[in-house]
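Secondary and tertiary structure notes
Each chain, letter by letter, is given below.
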Amino acid sequence: MSTPNKTPAKSGKTAPHEEPYEPEAFAKKYGIPPGEAKTIIKRYGPSRRKLDTYMAARNA
C-alpha cells in the first residue's frame, strides 16, 4: 500500500502577488519614472512584497 502524498500539487503558476515586478508595471503603479523603477528593482530585487513595502515606507 502506498502512502498518500500530503503536499498539494502545484499548478506551476505563481500567485499574482508573488510574481516579480516588471519595471514598466512598477513605474506605472507608483507614478515614478521607468529609470527610477529600474534602479529600485536592481537595488531591492523584483519581489512584489519587498518593493511594495519599500514604497509604502518611502511614501509614509
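Our subject is the structure that appears above.
First, a word on what this report is: a plain description of the structure on this page. Note that this is a predicted model, so its numbers are computed, not measured.

Rules and cut-offs
Residues numbered from 1 in each chain as written. Predicted model: local features only at pLDDT ≥ 70, side-chain atom pairs only at ≥ 80, totals over all residues. Heavy atoms only, no water. Core = buried A, V, L, I, M, F, W, Y, C linked by side-chain atoms within 4.5 Å. Buried < 20%, exposed > 50% of the residue type's maximum accessible area, 1.4 Å probe, protein only. Helix = DSSP H or I, 4+ residues; strand = E, 2+ residues; numbered from the N terminus. Contact = heavy atoms within 4.5 Å.

Core analysis: the largest hydrophobic core is formed by nine residues, namely Tyr21, Phe26, Ala27, Ile32, Ala37, Ile40, Ile41, Leu51 and Met55. Every element with two or more residues in this core is listed here: α1 (23-30), α2 (34-44) and α3 (48-58). Examining the composition of this core, we find that three residues originate from one element, α2, more than from any other. Contacts of tyrosine 21, omitting those with residues within four sequence positions, involve Phe26, Lys29, Tyr30, Ile41, Pro46, Arg48, Leu51 and Asp52.

This part is about the environment of lysine 42. Among the secondary structure elements, lysine 42 is positioned in helix α2. Here lysine 42 falls in the exposed class, since its relative accessible area comes to 75%.

Everything listed is a geometric property; what it means functionally is a separate question.
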